[in-house]
Amino acid sequence: MTLRLTIAIALSLSAGVIAWLGGRRMLKQTDDPLFVDLLFAHRTAMIRIYFLLILVTAVLAPDAGLWLASVALLSIAIGGFSARKTLYAETWTLPQYLGSRIRLIAFAGGPWMAIMLAPYVIQHTGARWAPPVLVVIFALFLFQQRLLLFGVRGEPLRDEALTARLEPILAKTQAPRPAIFVGGSETGRATKAFALPNGKRSRVVLTRALLRTLEPGEITAIFAHEAAHLEQYAKKSMRIRVWIGRVLMPLLAVAPQALFVTTNPQEATWLSLIWPLLFICVIVAALIRRQVHESEADLRALQLGADPLALISGLEKIHRFQGTPRRFDAPREQRMTHPSLARRIQAIRRAAGLEVAAPPALPRVVAARKPATFVRFTAAALEIFDRAPEESAQPARAYRYESLQSLVLRKTLGGWELIGRAGKERIRLPIAAVTAVEVQSVLDSIDSRFAHVPVQPRIARSARLTALLVLLMSLFPGIAFPPIIASLITLFSASAPSLAALGITAIGAGLMAFTHPSMPFLENVIPAIAAAEALFGVMCLLLIRKIPSAERTRHLRATLITLGVMTAIVIVPSLITIASGQPMLRLFLVARDRPSAPILLMGIAAALAVAGRRRVATVPAIVALAFFICGTRMFAMISGGDPLLTSREPTWIAPPRPSIVQKLDEMASQLRISPEGKAFAVRLSNDEDEDRTTFGIATLAAPVHEITATDVAFAGDDRLLRLDNSETRLQLDAIDLEGRSDGWKVDLPPMWEPQLIAEGNGEWLVSGRTLPRYRVTRLSGRIGEAAYRSELIKGDAVPAVTPPAVGTKAVVYATMTGVSGRGIMSPWLLMLSQAGLGSEFWRASGTERESIGRSVLRPGATLWLPDSQRWAVVAYDNSSTYVGTIEENGKSIHASGAIEGHGASVKPGRGSRIAMHTPTAAFVWNLATGKAMRLACTNGMVLDVALSDHAAGVLFVRGQATTLELYTTDVLQ
């Protein structure tokens, strides 16, 4: 058992301990008159803690996340049982309680859990099980009501007296006559009633606890409310929506995952993690939209014959037994599935024409926690005084009850607070603990006089749901971050400016990720996610049409400030580099490396335009367009003055079929190939000691033989050099393919990150930084000779730039411009800049060096091209690799071309060939002829590339398989 798994198990079990401690704490407060509010605050805090614990355990042990979550939930149930039993006066035993809970979760929640877990099941069982999984989900939904009734131990209602009381309600309802069931535990306190619409087979379930607790008139009124729900779902449009959900959601859970498991198993893991979150968000959004149905059902219940006073008292008892407060603040209430009890009572009284109960003796003055602050409740208003009311003629602030959307008493970390909302103004008044009960009694009598707050407009709900979906899609790797910022703004405001910014940024980021996918393991997923994100961006723009023109300036300032700050964070550090010279080329690099900046600017322009500030909106729009133009290679070419910048690409040649394909049993990297391509070596990933790595050596016909080495290099098809580095020495020896030494070895001084190169004529070269001063040094000699030459390279050349030919006198290398020592500002600019200050190229021979060119591009590598007496120079911007050449004694660099992608592990070969790779493709380029071929990797990733005299080897990983493929490069001549 690993340490991470042990910690995850401990955290899962600790949830039960927390539940036990929290329950003991609540038992001490049962006599508090405000216990219901305290219990609700306690539940909210516990849910957040439990969610955090389960999330942490899933991160620590993702493979065991499912059963660890089950352990956590079980420990919570066990830990909180004793307190629950006392609080709710229950008589069942722990096994009875656990059995009831497991039964309810397994049968009532079975269809929903099956949908959430379907991608996970298919990932681990294979795509062939997708049809059975789909059939099981369809069957679960088909028998969903029967499973739920079995889960709650439902049985038909046999109380004839109660059935007779319900008959007048059934006679008036316009929905098909439902069957009436009773369910729930005999000892539990689940005081609930719910409707199960299903056409002529509809049902209404009344829990046994509800029948024990409520009076017959109250039960009748609650039943009328549920019958009203059946009428709502009896509508044809509602039935169609329900069946579309029952068919569409299972298909979305199964079909995409089956495709990913078949094409690329790595991508299936992402869907298994993301799908439950998306599904839960959709369900929560659907439940929130049901709030209007609850209000309509209350009013329809009165029309069906429910006694309004019985309906009110029944609702009050249900809320009290469930521990739900009477009131919520307006923002929270809008996000809930049901209106607050106070709001429902207000609507029922208004519809029934009932008078509001007389308030207690008013005015009433209570003290706040702040010194010299008092709150006075009058018959018509809430008044706040900065000193005692008898000492002040007028209150500092006053709010008529009709102007308050909400006013609630809540327990916070600092104590009791009176929290309210009047229009856009928020009210927060700390209340002394001794007056909390008095304040609550006043609120109970006046809360039905507060302003009517309509259910959250559909446009706001739709906007927030769309923003949430865009936010989740933007979290995928490879998608630009601006939609995340715009989504967060929309989740808080749901205004026209935020929707416009979200729509434009989502379209921009989606198109960018769709046209330039950058994640190799998600190359099928990311384009689909990007296309969906762009479509959701269009939906955001369409939603704006439903917002009245007079409201389209709301939250404009907050949207502009947030997007403006993010734009400054992205752009300003990079713009500092313009001060280092070549401003036009530096501007090209900034625009090229910061594609999120113009997307943010377009979002700002969209927010201004939708708010009617079209003239002002043209400024960020023009700046964004200028950024796009400045980031093109054509702009860099027109600006001129950079030796490597070019818009020319090599002549692409269709690659031949691989001449050899060989699978490896282990994950590997750092490919080496013999001159004739008859043997290969790879660094194996089975050794955790980075200083003593393992290489696998094999021919194309023989199995892999492992040796321990820091680096290896082929000196022929049947001979290679082995470099072994330790703390005290560096040893070089010659071995055959079986790892047997031929008797020659030489001891070298220890080096940091040594690299080995061997020539077919027996020459070798080791380059690195010698200890203890980390000076760049190259050691060279000939196989069979004990003597070797040592040369110190002045400057900051990296080991990889040294030429393979021992006789070459000069070394060409690159440094960042900021570390060249020219002027005092360079180091400061280097620290402040996110993009670096470009590169400077040097030629060094012994202790002498000279500058041969500068570029705004980031330095990559310099490579000696065998048989050509030339060097290849490689540099990068954020999305391309640029290659140039320079003669051995030349004074200027000549651009050879550019390719899309950041080419890593650049290696030289004979015939002016170089090889490099991106995560998704390998490139072999003949700089003399200008021909190149792209060896793309489908559904996988390129690990390394190597060159032999006439071929190129590419190391791929696809799923769990590592493959070596060999391609001839004669087509590039």
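Please read these numbers as outputs of a predicted model, since none were measured by experiment. (Residues numbered from 1 in each chain as written. Predicted model: local features only at pLDDT ≥ 70, side-chain atom pairs only at ≥ 80, totals over all residues. Heavy atoms only, no water.)

## Side note on the nonpolar core
Here's step 1: Within the largest apolar cluster, 45 residues are counted, with the highest numbers of intra-cluster contacts made by L563, F627, L644, L645, F841 and Y882.
Here's step 2: Here the element with the most residues in this core is helix α24 (residues 596-610); it accounts for six residues.
Here's step 3: Judged by nonpolar contacts, the second largest core, of 33 residues, contains L170, A193, A224 and L230. (Core = buried A, V, L, I, M, F, W, Y, C linked by side-chain atoms within 4.5 Å. Buried < 20%, exposed > 50% of the residue type's maximum accessible area, 1.4 Å probe, protein only. Helix = DSSP H or I, 4+ residues; strand = E, 2+ residues; numbered from the N terminus.)

## Considering the pairing of strand β11 (residues 425-430)
Here's step 1: Note: strand β10 (residues 415-422) against β11, six bridges, orientation antiparallel. When the sheet's bridge partners are listed, L418 is paired in β11 with L429.
Here's step 2: Connecting β10 to the next strand, β11, in antiparallel fashion are two residues, including G423 with a positive phi near 65 degrees. (Pairing = 2+ DSSP bridges.)

## A look at the pattern of salt bridges
Here's step 1: On inspection of all chains with the given rule, the structure shows 26 salt bridges.
Here's step 2: A salt bridge links E763 to R782; its shortest N-O distance comes to 3.2 Å. Pair noted here: E763 is in strand β23 (residues 763-770) and R782 is in strand β24 (residues 775-782), with a separation of 19 residues, a long-range link.
Here's step 3: Judged by its relative accessible area of 17%, E763 falls in the buried class.
Here's step 4: Taking relative accessible area as the criterion, R782 reaches 31% and is therefore assigned partly exposed.
Here's step 5: Here D944 ties to K907 by a salt bridge, and the two come within 3.0 Å at their closest N and O atoms. Taken as a pair, D944 in strand β37 (residues 941-947) and K907 in strand β33 (residues 904-909) lie far apart in primary sequence, 37 residues in all.
Here's step 6: Relative accessible area serves as the criterion here: at 4%, D944 is assigned to the buried category.
Here's step 7: Classification of K907 by relative accessible area gives buried; the value is 17%.
Here's step 8: Via salt bridges that share partners, E316, R326, R327, D444 and D447 belong to a single interconnected network. (Salt bridge = Lys/Arg side-chain N within 4 Å of Asp/Glu carboxyl O.)

## Examining a nonpolar patch on the surface
Here's step 1: Where nonpolar side chains cluster on the molecular surface, the patch consists of F138, L142, F143, W243, V247 and L251 and spans about 550 Å² of accessible area.
Here's step 2: The set of elements that each furnish at least two residues to the nonpolar patch consists of α6 (130-142) and α11 (236-263).
Here's step 3: With three residues, α11 is the single largest residue contributor to the nonpolar patch.
Here's step 4: You can see L251 is positioned in helix α11.
Here's step 5: Given the relative accessible area of 37%, L251 is considered partly exposed. (Patch = residues over 30% accessible without salt bridge, like charges linked within 9 Å, V, L, I, M, F, W, Y side chains within 5 Å. Areas by Shrake-Rupley, 256 points an atom, 1.4 Å probe, with all protein chains shown as cover.)

## Points about helix α4 (residues 94-108)
Here's step 1: Given a rise of 1.5 Å per residue, 15 residues ought to cover 21 Å, and the 21 Å separating the end C-alpha atoms of α4 matches this to within 8%.
Here's step 2: All buried positions along α4 are accounted for by Y97, L98, S100, R103 and A108. (Expected span 1.5 Å × (residues − 1).)

## Section: the packing of α24 against helix α25 (residues 614-630)
Here's step 1: Interhelical geometry of α24 versus α25 gives an angle of 165 degrees and a closest axis separation of 8 Å. Viewed along their axes, α24 and α25 adopt a mutual orientation that is roughly antiparallel. The two elements α24 and α25 cross, and the hand of that crossing is left-handed. Contact residues: α24 offers A597, P598, L601, M602, I604, A605, L608 and A609, while α25 offers R614, V616, A617, P620, A621, V623, A624, F627 and F628.
Here's step 2: Counted by class, the contact of α24 with α25 contains 16 nonpolar, no polar and one charged residues. (Axes fitted to C-alpha atoms, helices over the stretch in contact; angles between N-to-C directions. Parallel < 35°, antiparallel > 145°, perpendicular 65-115°, else oblique. Left-handed = near helix turned anticlockwise from the far one by under 90°. Contact = heavy atoms within 4.5 Å. Nonpolar A, V, L, I, M, F, W, Y, C, P; charged D, E, K, R; others polar.)

## Let's talk about the packing of aromatic side chains
Here's step 1: Within the structure shown, the criterion is met by eight aromatic pairs.
Here's step 2: Taken together through their ring pairs, the aromatic side chains of F81, W92 and Y97 make up a single cluster.
Here's step 3: Its guanidinium or amino end placed over the ring of F150, R103 lies 4.0 Å from that ring's centre, counting from NZ or CZ.
Here's step 4: Its guanidinium or amino end placed over the ring of F321, R320 lies 5.4 Å from that ring's centre, counting from NZ or CZ. (Phe/Tyr/Trp six-rings, centres within 6.5 Å; stacked < 30°, edge-to-face > 60°. Lys NZ or Arg CZ within 6 Å of the ring centre and 35° of its normal.)

## Notes on the sheet that holds strand β15 (residues 679-684)
Here's step 1: Spatially, the four strands line up as an open sheet ordered β14-β15-β16-β17, and their pairing is antiparallel. Single-partner strands in this sheet number two, and they are β14 (668-673) and β17 (705-708). Pairwise comparison of adjacent strand axes, ignoring direction, gives a mean angle of 25 degrees for this sheet.
Here's step 2: The pairing of β14 with β15 spans four bridges and is antiparallel. What sits directly across from A668, in β15, is L684.

## Thoughts on unusual backbone geometry
Here's step 1: Positive phi is not limited to glycine here, since A494 has a value of about 50 degrees.
Here's step 2: Tracing the backbone through its elements, the reader meets A494 in the loop between α19 (482-493) and α20 (496-515).
Here's step 3: Exposure remark for A494: the relative accessible area of 7% places this residue in the buried category.
Here's step 4: Phi is positive for H555, which is not a glycine, with a value near 65 degrees.

## Details of the confidence of the model for the protein
Any region with low pLDDT has predicted coordinates that should not be read closely.
Here's step 1: Here the protein shows a mean pLDDT of 81. Residues at 70 or above account for 88%.
Here's step 2: Mean pLDDT per element in the protein: helix α27 (residues 825-832) is the minimum at 47, and strand β1 (residues 155-156) is the maximum at 92.
Here's step 3: Segment residues 796-807 is flagged for pLDDT under 50; beyond a separation of four residues in sequence, or across chains, it makes 43 contacts in the model.
Here's step 4: Here residues 820-826 is modelled with pLDDT under 50, and outside its nearest four sequence neighbours on either side it reaches nine contacts, counting other chains as well. (pLDDT = per-residue confidence, 0-100.)

## Some thoughts on the packing of α4 against helix α7 (residues 144-151)
Here's step 1: As a packed pair, α4 and α7 sit with axes 8 Å apart at the nearest point and diverge in direction by 180 degrees. By the angle between their directions, the pair α4 and α7 is classed as roughly antiparallel. Facing R103, L104, F107 and A108 of α4, the residues of α7 in contact are L147, L148, F150 and G151.
Here's step 2: Across the contact of α4 with α7, the residue classes break down as six nonpolar, one polar and one charged.

## Describing empty space enclosed by the protein
Here's step 1: Under the definition given, this model contains two cavities of 30 Å³ or more.
Here's step 2: By volume, the largest cavity is sized at about 80 Å³.
Here's step 3: With three residues, helix α16 (residues 341-352) is the single largest residue contributor to the lining of the largest cavity.
Here's step 4: In terms of residue class, the lining of the largest cavity is made up of four nonpolar, four polar and four charged.
Here's step 5: There is about 40 Å³ of room inside the second largest cavity.
Here's step 6: The wall of the second largest cavity is formed by I673, G677, A679, F680, L700, L964 and L966.
Here's step 7: Elements represented by at least two residues in the lining of the second largest cavity include exactly β15 and β39 (961-968). (1 Å grid on protein atoms, 1.4 Å probe; cavity = no way out; pocket = protein on both sides within 12 Å on 5 of 7 lines; lining within 4 Å. Points joined across faces, edges and corners; volume = space filled by probe spheres on them.)

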